[in-house]
Amino acid sequence: MGNEKKGSLSLFRRVRTVLLGFLTLAFFIVAVAPLLLIIWTAWDKGKSALNWSFVSTLPTGFPVGSQGGILNGIVGSIILVIVASSLSVPAGIWAGMYLWEEGTTPLARLIRLLSDLLLGVPSVVWGVVGFYVFSTSTGYGLHWGFSAMAGGLTLGFIMIPIVTRVTEQALRDVPLTFIEGSFALGASRWQTLKSIAIPSAMAGIGTGILLGVLNVLGQTAPLIFTNYYNTGVPSSLVGSQGAVGDLAMQIFIYIHEPSEILHTKAMAASLVLLGIVLFIDIGIRLMTWGSRKLYARVG
Amino acid sequence: MARMSVEKFFAYYGENAALKNVTLEVPDQQVLALIGPSGCGKTTFLRSLNRMNDFVKEFSIEGLVTLDGVDIYSPDMHPVVLRRRVGMVFQKPNPFHKSIFENVAYGLRIQGIRAKSVLADNVEESLRSAALWDEVKDRLNDSAFSLSGGQQQRLCIARALAVEPEVLLLDEPASALDPISTSRIEELIQDLKTQYAIVIVTHNMQQAARISDQTAFFLLGEMVEMGETSRIFTNPSDPRTEDYITGRFG
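Given the structure is predicted, the values throughout are model-derived calculations rather than measurements.

Q: Could you give me a rundown of the overall build of chain B, with the residues and numbers involved?
A: Within chain B, the regular secondary structure consists of ten helices and ten strands. For 250 residues, the compact-globule formula gives about 18 Å, and the C-alpha radius of gyration of chain B, at 18 Å, lands near that figure. Here the C-alpha coordinates of chain B stretch approximately 55 × 40 × 35 Å along the principal axes. When burial is assessed residue by residue, chain B has 56% of its 250 residues classed as buried. Nonlocal contacts in chain B, meaning residues at least 24 apart in sequence, comprise 67% of its contacts between residues at least 6 apart. Of the roughly 10,600 Å² that chain B leaves accessible, carbon and sulfur atoms contribute 47%. Charge separation in chain B, taken as the distance between the mean sites of 26 positive and 33 negative side-chain charges, equals 5 Å.

Q: Just give me the short version of the sheet that holds strand S10 (residues 222–228) of chain B, but keep the residues and values in it.
A: All names here are of chain B. In space, the six strands of this open sheet follow the order S6-S7-S8-S3-S9-S10, with mixed pairing throughout. The open sheet is flanked by strand S6 (86–89) and S10, the only strands paired with a single partner. Shown here is a sheet whose adjacent strand axes are inclined to one another by a mean of 15°, direction ignored. In this sheet, strand S8 (residues 197–201) lies alongside strand S7 (residues 167–171) in parallel orientation, the contact comprising five bridges.

Q: Which residues make up unusual backbone geometry, and what are the values?
A: Residue Pro63(A) is bonded to the preceding Phe62(A) through a cis peptide linkage, with omega at -10°. Relative to the helices and strands, Pro63(A) is located in the loop between strand S1 (59–60) and strand S2 (67–68). Not every positive phi belongs to a glycine, and Glu164(B) is a case in point at roughly 50°. Residue placement: Glu164(B) occurs in the loop between helix H6 (149–162) and S7. Judged by its relative accessible area of 56%, Glu164(B) is exposed.

Q: Summarise the layout of surface pockets; cite the residues concerned and give the values.
A: Estimated volume of the largest pocket: approximately 640 Å³. For the largest pocket, the lining is made up of 20 residues, of which Trp100(A), Glu101(A), Arg172(A), Arg189(A) and Phe55(B) are closest to its centre. Mapped onto the lining of the largest pocket, the elements with two or more residues apiece are helix H3 (71–101), helix H6 (148–172) and helix H7 (176–184) of chain A. It is H7(A) that provides the largest number of residues to the lining of the largest pocket, a total of four residues. In the lining of the largest pocket, the residues fall into nine nonpolar, three polar and eight charged.

Q: Could you give me a rundown of the side chain of Gln153(B), with the residues and numbers involved?
A: All names here are of chain B. Considering the arrangement of structural elements, one finds Gln153 in helix H6. A polar side-chain atom of Gln153 sits 2.9 Å from the main-chain carbonyl oxygen of Pro173. Apart from the residues within four sequence positions on either side, Gln153 is in contact with Val89, Phe90, Gln91, Lys92, Pro93, Pro173, Leu177 and Ile185.

Q: Could you give me a rundown of the interface of chain A and chain B, with the residues and numbers involved?
A: Taken together, the contact pairs 24 residues of chain A with 26 residues of chain B. Summing both sides of the interface, chain A and chain B together bury roughly 2,100 Å²; the carbon and sulfur share of this comes to 60%. On the surface where chain A and chain B come into contact, there are six residue pairs in polar contact (both at pLDDT 80 or more). Contributing elements (two or more residues each) for the side of chain A that touches chain B: H7, helix H8 (189–218) and helix H11 (260–298) of chain A. Of the residues in the side of chain A that touches chain B, the class split is nine nonpolar, eleven polar and four charged.

Q: Would you mind going over the packing of aromatic side chains in detail, with residue names and values included?
A: Residues and elements named next belong to chain B. In this structure the tally under the stated criterion is 13 aromatic pairs over all chains. With a centroid separation of 5.4 Å and an interplanar angle of 45°, the aromatic rings of Phe45 and Phe218 are classed as tilted. Taken together, the residues span a long stretch of sequence, with Phe45 in helix H1 (residues 42–48) and Phe218 in strand S9 (residues 214–219) at a distance of 173 residues. With a relative accessible area of 1%, Phe45 lands in the buried category. When its relative accessible area of 0% is taken as the criterion, Phe218 is described as buried. For the pair Phe96 and Tyr106, a centre-to-centre distance of 4.9 Å together with 65° between the ring planes defines the contact as edge-to-face. Of this pair, Phe96 sits in the loop between S6 and helix H3 (100–109) while Tyr106 sits in helix H3; the two residues are ten residues apart in sequence, bridging distant segments of the chain.

Q: Can you tell me about a nonpolar patch on the surface, naming the residues and giving the values?
A: All names here are of chain A. Side chains of Val124, Val125, Val128, Val129, Tyr132, Val133 and Leu142 sit close together on the surface and give an oily, nonpolar patch of about 560 Å² of accessible area. Assignment of secondary structure puts Val133 in helix H5 (residues 123–135). You can call Val133 partly exposed: its relative accessible area is 37%.

Q: Give a detailed account of helix H7 (residues 179–192) of chain B, specifying residues and quantitative values.
A: All names here are of chain B. Helix length check: H7, at 14 residues, gives a terminal C-alpha distance of 20 Å against a target of 20 Å (1.5 Å per residue), a fit within 8%. Of the residues making up H7, those classed as buried are Ser181, Thr182, Ile185, Glu186, Leu188, Ile189 and Leu192. Relative to the axis of H7, the buried residues are bounded by an arc of 160° and lie together on one face. Those residues of H7 that are exposed and angled more than 90 degrees off the buried face are Pro179, Ile180 and Asp191. Near the N-terminus of H7, the side chain that reaches the backbone nitrogen of Ile180, with its oxygen 3.0 Å away, is that of Asp178.

Q: Tell me about empty space enclosed by the protein, and please be specific about residues and values.
A: Scanning the entire structure with this criterion turns up one cavity of 30 Å³ or more. Reported here for the largest cavity is a volume of approximately 50 Å³. In terms of lining, the largest cavity is formed by Gly181(A), Ala184(A), Leu185(A), Met88(B), Val89(B), Phe90(B), Asn94(B), Cys156(B), Arg159(B) and Ala160(B). Counting only elements with at least two residues in the lining of the largest cavity, the list comes to H7 of chain A together with S6 and H6 of chain B. Of the residues forming the lining of the largest cavity, the biggest block, three residues, is contributed by H6(B). By residue class, the composition of the lining of the largest cavity is seven nonpolar, two polar and one charged.

How each quantity is defined
- Residues numbered from 1 in each chain as written.
- Chains lettered and ligands numbered in written order.
- Predicted model: local features only at pLDDT ≥ 70, side-chain atom pairs only at ≥ 80, totals over all residues.
- Heavy atoms only, no water.
- Helix = DSSP H or I, 4+ residues; strand = E, 2+ residues; numbered from the N terminus.
- Rg over C-alpha atoms; globule rule 2.2 N^0.38 Å.
- Buried < 20%, exposed > 50% of the residue type's maximum accessible area, 1.4 Å probe, protein only.
- Contact = heavy atoms within 4.5 Å.
- Areas by Shrake-Rupley, 256 points an atom, 1.4 Å probe, with all protein chains shown as cover.
- Lys, Arg positive; Asp, Glu negative; His and termini not counted.
- Charge placed at Lys NZ, Arg CZ, Asp CG, Glu CD.
- Pairing = 2+ DSSP bridges.
- Axes fitted to C-alpha atoms, helices over the stretch in contact; angles between N-to-C directions.
- 1 Å grid on protein atoms, 1.4 Å probe; cavity = no way out; pocket = protein on both sides within 12 Å on 5 of 7 lines; lining within 4 Å.
- Points joined across faces, edges and corners; volume = space filled by probe spheres on them.
- Nonpolar A, V, L, I, M, F, W, Y, C, P; charged D, E, K, R; others polar.
- Polar contact = N/O pair within 3.5 Å; in protein donor to acceptor, adjacent residues only side chain to side chain.
- Buried area = accessible area lost by both parts, 1.4 Å probe.
- Phe/Tyr/Trp six-rings, centres within 6.5 Å; stacked < 30°, edge-to-face > 60°.
- Patch = residues over 30% accessible without salt bridge, like charges linked within 9 Å, V, L, I, M, F, W, Y side chains within 5 Å.
- Salt bridge = Lys/Arg side-chain N within 4 Å of Asp/Glu carboxyl O.
- Expected span 1.5 Å × (residues − 1).
- Arc of directions from axis to C-beta.

In structure tokens:
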């Protein structure tokens, strides 16, 4: 191979560079094609149903939904995300902080193992467990019926291990030099965690919350046994008036109806769901970015 | 007068002895330089003086280290209190993701000091002591990462000074800096020794000769000898010290 001009790469390396470039492009297309296809299909089939009243009115008509919009689903999804996050964000971040602090103790190892196992529990199993714990009206449990609280908390438990592991990893990614710098000034563990580690890990923790929330938004199976669906807006978070609509569940139900108008609305509803996902994504990114700026200023 | 004293000190990483039977005294208002080849235990020793090794897994010690007569490894001295009295500056500048002002104020805030005027006074004084004030006084709210490497290191020194330590530990503070920044740091150390006991680890023997009053030579975890810097560099009593400072190894 010694006969190339000085300064140019060998033929083999040039060919390899081009090949790897094509391979990267090919995998990129394979990875994003489904997303683009989903957006395109939903837009093509659902755009005729999209208008302001679609997102601002409740479903009516026969079959239910053939007239009116999906306000029940939007409100319900938001309620479920709020309920799920109020449980999982504090619990997950706390657990993540614990795992970071006590990383190698036997208890921490056990928690990490259990947390990973929880990640692998099928969502329908979560639904059944949620039913027995929150919803059922007989035997042990909280007897909350099919309700936002029961569904939201079930989703919250699904979200905890996601937030936990991502938080722990985000804290581990904070350079040790920052942590040592803080300890060397006489900061306690808690002060170091609060003032140095958490702000530096904020972007990662935000990503963890985001992953959890997006997961919750897309879940249907856990809701089948804990909340199911409501064509109206709930007047309570528990009990017989407590069930909420849910966009994912609404799409699932509409698609199963032998009605063309509902199929169109299901597609339009998925566009709205994608819009909400995008909105939350940007929102959480701005929040984590903003809190880092704030911490930088006020210490 | 000795500020800190170390007696028959052993340090272990697991089974490995990193320091063997070290006995020395850290004199007040002087600069003590720790020299020796890589892996000789200088940094381990330095980090034992403010218990930064507590975070290292399987690290253990034997022997006695005292600060003003109090055993720093005993329950009488909480590590948090110890580290406020024995400050440390690291090899690589490690400012926090905060403004210049907040970097210096951090050590005070964690002690619960909130009054704006107190913080502002202390920050200014510390930045002046670290010879950084004139360069940053107009941009205290800028990120610490907008500073050059040498300025960042002086900021880290200012940060350490703000909590008013009694002993200052410097772990090769100039090794990542250019010659001009290095000489600024060295001048600074000369100014600071009037108020603090300073212990500096350095790989640079000229630096040790320039700035220190006492020098301790470490080799393979043992302290070979310690004495007046001028004597160590001109007339060492141990042949190993002589071999090292004349460049025969290390």
